[in-house]
Amino acid sequence: MITWGCQMNVYDSGKMSDVLAPLGYGPAESPADADMVILNTCHIRERATDKVFSELGRLRVIKETRAAEGKQTILAVAGCVAQAEGAFITERAPYVDIVLGPQTYHRLPEMVARAHRAAGPVIETDFPVEQKFDFLPETAPSAERAVTAFLTIQEGCDKFCSFCVVPYTRGAEASRPAAAVIAEAKHLVARGAREITLLGQNVNAYHGAGADGRDWGLARLAYALADIPGLDRIRYTTSHPRDMDDDLIAAHADLPALMPFLHLPVQSGSDRILAAMNRRHTADDYRRLIEKLRTARPDMAFSSDFIVGHPGETAADFEATMQLVRDIGFAQAYSFKYSPRPGTPAAGSPGMVAEPEKDGRLAELQALIRAQQDDFNARTVGLEIPVLVTGAGRHAGQINGRSPYLQAVHMDGPVSLTGQVVPVKVQGLMTNSLTATLINASPTQERASA
Ligand code: SAM
Ligand code: SF4
């Protein structure tokens, strides 16, 4: 299984492994050892398709070498490039056996059986009427997924931002029923998960059928999940500012398990560009929202996504983005150069920004974000914070963990603490992590001390 892209692809790769396990498939060390290779792809930015074909070229050589040794290798392309390109993949790479879109993973065993019969390539990229989640098995045990786990609760998107392929590759927005989500969360906790990150392309638009017959929003779901004994931490990603309702903000004030760190993409600080992007909120709406969240939970920290060089973006628009970043102060953020995606409205818009201009803006924005991130991390030094121990560190006697703000933390301690939330004192900074010492070895209740 080769996984590219977002956390949802990581989750999907796990689900594909689970669905194939009863057929006898398990993880392979390398493609050369694999009877089947699944390339789980991402289509969010340019050259995604080229990257897939160059990887397929490498896999073809492995497939041919194995064939000369009398071994069959099934090559499958999954994910959003598979959805977007469909049969074009097998036209250009006829040695590919299976092309499957994200909504068809539950049918993978049947596709593998068809591929074994060698009746030509199997291509499944429709959006079936049945919900794949009704057919996917419960998560199989896996060491990597033990302490922290992903759980997809919502998929697809109806927002149609001007630049984005997601509504086309993942389809219309759909939420899983609350009971199914709660059952999967309980299962993950029974397998050792202490932190669950709820996933969705637009996760806070969640509106699943609730146990009481009504539609539940994300806030209601979070309260129900917080009642699961042993589930210490809940996160969710990715959220849209428009769907951040008052109930969800209140849940952040009420639920200690809901981590005080939120990824809330804003994309731009210019109202003109936000309108062109079809984001349906202004920069001041975003500022007010952050203010409300900080009032509800004063130790809340934020992350975001930014696009520089959307068609029509002027130097003044970009300056408005810089100003928004200065006003908010992010703990971290991701930023990208606008990349035209075929079929999206922005790709045909006038006012394309020249590449060197985009490069300059991106460098300027990233320098500001980096400085804010360093500053945020530096302010953690000397504080006592609760850390979820995720396992052994690289050096003898060292253990790793996660802060409430998703910072990696290294400290000396017994590996037997894995899965426990322990109080630590942050001692110093490394490039992308914190060093800390255990305050005492007994687990603690999560608290907002940072
Ligand atoms: N649903 C999320 C939201 O509403 O912001 C994000 C979805 S997308 C998988 C993750 C990020 O990729 C976006 O927030 C955006 O910043 C970036 N992105 C999406 N399309 C892009 C494009 N055409 N060019 C550059 N960046 C893009
Ligand atoms: Fe893409 Fe997010 Fe906009 Fe949906 S809300 S179209 S996933 S950027």
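What counts, and where the lines are drawn
- Residues numbered from 1 in each chain as written.
- Chains lettered and ligands numbered in written order.
- Predicted model: local features only at pLDDT ≥ 70, side-chain atom pairs only at ≥ 80, totals over all residues.
- Heavy atoms only, no water.
- Core = buried A, V, L, I, M, F, W, Y, C linked by side-chain atoms within 4.5 Å.
- Buried < 20%, exposed > 50% of the residue type's maximum accessible area, 1.4 Å probe, protein only.
- Contact = heavy atoms within 4.5 Å.
- Phe/Tyr/Trp six-rings, centres within 6.5 Å; stacked < 30°, edge-to-face > 60°.
- Helix = DSSP H or I, 4+ residues; strand = E, 2+ residues; numbered from the N terminus.
- Near = heavy atom within 4 Å.
- Polar contact = N/O pair within 3.5 Å; in protein donor to acceptor, adjacent residues only side chain to side chain.
- Areas by Shrake-Rupley, 256 points an atom, 1.4 Å probe, with all protein chains shown as cover.
- Nonpolar A, V, L, I, M, F, W, Y, C, P; charged D, E, K, R; others polar.
- Pairing = 2+ DSSP bridges.
- Axes fitted to C-alpha atoms, helices over the stretch in contact; angles between N-to-C directions.

Undergrad: I'd love a proper account of the nonpolar core, names of residues and values included.
TA: Counting residues in each nonpolar core, the largest one holds 77 residues, and the members touching the most others are L198, L221 and L225. Every residue in contact with L198, bar those within four places of it in the chain, is listed here: L151, I153, V203, L218, L225, I234, R235, Y236 and T237. By size, the runner-up hydrophobic cluster in this structure holds 18 residues, among which are W4, V37, V77 and V99.

Undergrad: If you had to explain the packing of aromatic side chains to someone new, which residues and values would you point to?
TA: Going through the model one piece at a time under the given rule, you end up with 4 aromatic pairs. Ring centres of F53 and F88 lie 5.9 Å apart, and the angle between their planes is 85°; this geometry places the pair in the edge-to-face category. Residue F53 is located in helix α2 (residues 48-68), and its partner F88 is located in helix α4 (residues 87-92); the two are separated by 35 residues in the primary sequence. Ring centres 5.7 Å apart and planes at 85° place the aromatic pair F306 and F330 in the edge-to-face group. With a gap of 24 residues between them, F306 in strand β14 (residues 301-308) and F330 in the loop between α12 (315-328) and β15 (332-337) connect regions that are remote in the sequence.

Undergrad: Any details on the site of ligand 1? Residues and values, ideally.
TA: Ligand 1 sits among 16 residues. The nearest are F163, Q201, Q267, D305 and S339. Measuring from an oxygen atom of ligand 1, one finds a side-chain N or O atom of R279 at 3.2 Å. Here ligand 1, which alone exposes 560 Å², has 89% of that area covered by the protein. Listing elements by their share of the shell around ligand 1, those giving two or more residues are β14 and β15. Of the residues contributing to the shell around ligand 1, the split by class is 6 nonpolar, 5 polar and 5 charged.

Undergrad: Lay out the site of ligand 2 with the relevant residues and their values.
TA: Looking at ligand 2, the residues that line it are C157, K159, F160, C161, F163, C164, V166, P167, H240 and R279. Its residues assigned to classes, the shell around ligand 2 shows 7 nonpolar, 1 polar and 2 charged.

Undergrad: Residue-level account of the sheet that holds strand β1 (residues 2-3), with values.
TA: Sheet strands pair via backbone hydrogen bonds, and the direction of the pair is either parallel or antiparallel. Spatial ordering of the open sheet is given by β1-β2-β3-β4-β5, a layout of 5 strands whose pairing is parallel. Where the open sheet ends on each side, the last strands, each with one partner, are β1 and β5 (122-124). For β1 and strand β2 (residues 36-41), the ladder comprises 2 bridges, and the chain directions are parallel. Its bridge partner lying in β2, T3 is registered against N40. Here helix α1 (residues 7-20) sits on the sheet in contact with β1, β2, β3 (74-78) and β4 (98-100), set at roughly 155° to β2.

Undergrad: Could you give an account of the environment of C42, naming the residues involved and the relevant values?
TA: Within the secondary structure, C42 is located in the loop between β2 and α2. Between the alpha carbons of C42 and G79 there is a distance of 6.3 Å; along the sequence they are 37 residues apart. Those residues within four positions of C42 in sequence are excluded, and the remaining contacts are W4, G5, N9, A48 and V81.

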